[in-house]
Amino acid sequence: MTLAIIVHGGAGGWNQSTARKQEAIAACAQAAEAGQAILRQGGSAVDAVEAAVNILEDCPVLDAGRGSYPNAEGNVEMDALIMDGRDLNLGAIAAIQRVRHPISLARRVMLESGHSFLVGAGADAFADDIGFERCSVEELLIDDLHIDEMIPTSAIGDTVGAVALDIHGNVAAATSTGGTANKRAGRVGDSPLVGSGAYADNWTAAVSATGYGEALMRIVISKRVCDFVGTGLSARSGFTSVRSNL
Ligand code: ASP
């Protein structure tokens, strides 16, 4: 049985200095290795994508968890989505504050909340109800974040994500982000929206997206790529078809 894991550190990486890009690449390699180790031991695709994304959320030069871009009020509001291709179960959170690992909270939403998607104050309350570890906003903000670049308003970030295929033939996808830089408080991008920021189903593919959320959500890009794969196209051809249809 083929095992696979693919991770990404976001569409904004081209905007980073060489040193930061190297740090991001190293984090991606570490994340992929962590996910692969789980898959090799027979672990699930969901476990693998969560573990991989946790590592990327800890990387200070990527826009997720620690290192998230601040919004226009200097606060950090993060979005995350995890999806299990076995049964299409999913968990998502949006505008969550003061957690180091939003993807793990999204997974807890999937498994323990009785719902699929929690936002803002309700997501906060759920995190506290289940005793999810909280942190200060200072722990998430990196002082010299992207200091060597000019960040235009609404710059695309370095959202992180992972997709995996496990030994049982199940796929999963996960996406986590601090969103775009200087975004308005309460702005939610594509990342936590099912079918936009990610999608996974065993019958087609697993996809994690990055890019300008206001554009990606219009075309429900991740589900669209899965649909193309469902017609027999490869993942790459599916993505190319989506692009050429825009
Ligand atoms: N898609 C993310 C958002 O719009 C940004 C990114 O991919 O870096 O929030």
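One structure accompanies this document, and this report is about it. (Residues numbered from 1 in each chain as written. Predicted model: local features only at pLDDT ≥ 70, side-chain atom pairs only at ≥ 80, totals over all residues. Heavy atoms only, no water.)

1. Here's the deal with the site of the ligand
For clarity, the threshold we go by: A molecule or strand has a residue near it when one of that residue's heavy atoms lies within 4 Å. For this analysis, a polar contact is any N or O atom pair within 3.5 Å, provided that within protein one partner can donate a hydrogen and the other can accept it, and provided that sequence-adjacent residues contribute only side-chain to side-chain pairs. Areas reported as accessible are Shrake-Rupley estimates using a 1.4 Å probe. Residue values count occlusion only from the protein chains shown. Note that Gly is not counted as nonpolar here; it falls among the polar residues with everything else outside the nonpolar set of Ala, Val, Leu, Ile, Met, Phe, Trp, Tyr, Cys and Pro and the charged set of Asp, Glu, Lys and Arg.
Contacts to the ligand come from Ile-156, Gly-157, Asp-158, Thr-159, Gly-179, Thr-180, Arg-187, Asp-190, Ser-191, Thr-210, Gly-211 and Gly-213. In the environment of the ligand, a nitrogen atom lies 2.6 Å from a nitrogen or oxygen atom belonging to the side chain of Asp-190. Between the ligand and Gly-213 there is a distance of 2.9 Å, counted from an oxygen atom to a backbone nitrogen or oxygen. When isolated, the ligand has an accessible area of 270 Å², and the protein chains bury 100% of it. Within the shell around the ligand, the residues separate by chemical class into one nonpolar, eight polar and three charged.

2. Comments concerning the pattern of salt bridges
To keep things clear, this is the line we draw: The salt bridge criterion pairs a side-chain nitrogen of Lys or Arg with a carboxyl oxygen of Asp or Glu, the two atoms within 4 Å. In this text, helices come from DSSP runs of H or I with a minimum length of four residues, and strands from runs of E with a minimum of two, each type numbered from the N-terminal end. Burial status follows relative accessibility: with a 1.4 Å probe on protein chains alone, a residue under 20% of its type maximum counts as buried, one over 50% as exposed, and anything between as partly exposed.
Overall, the coordinates contain 10 salt bridges when judged by the stated rule. Arg-100 is the partner of Asp-58 in a salt bridge, and the nearest nitrogen-oxygen pair spans 3.7 Å. With Asp-58 in helix 2 (residues 45–58) and Arg-100 in the loop between strand 3 (89–96) and helix 3 (102–112), this pair connects stretches of sequence that are 42 residues apart. For Asp-58, a relative accessible area of 30% gives the class partly exposed. Between Arg-108 and Glu-112 there is a salt bridge, with the nearest N and O atoms lying 2.5 Å from each other. Here the residue Arg-108 and the residue Glu-112 both occupy positions in helix 3, the gap between them amounting to four residues, near one helical turn. For Arg-108, a relative accessible area of 27% puts it in the partly exposed group.

3. Brief notes about the environment of Ile-130
Residue position: Ile-130 is located in the loop between helix 4 (120–129) and helix 5 (137–140). The exposure class assigned to Ile-130 is partly exposed, which follows from its relative accessible area of 22%. Measuring from C-alpha to C-alpha, the distance between Ile-130 and Gly-179 comes to 25 Å, with 49 residues separating the pair along the chain.

Take it as geometry only, folks, not as evidence of what the structure does.
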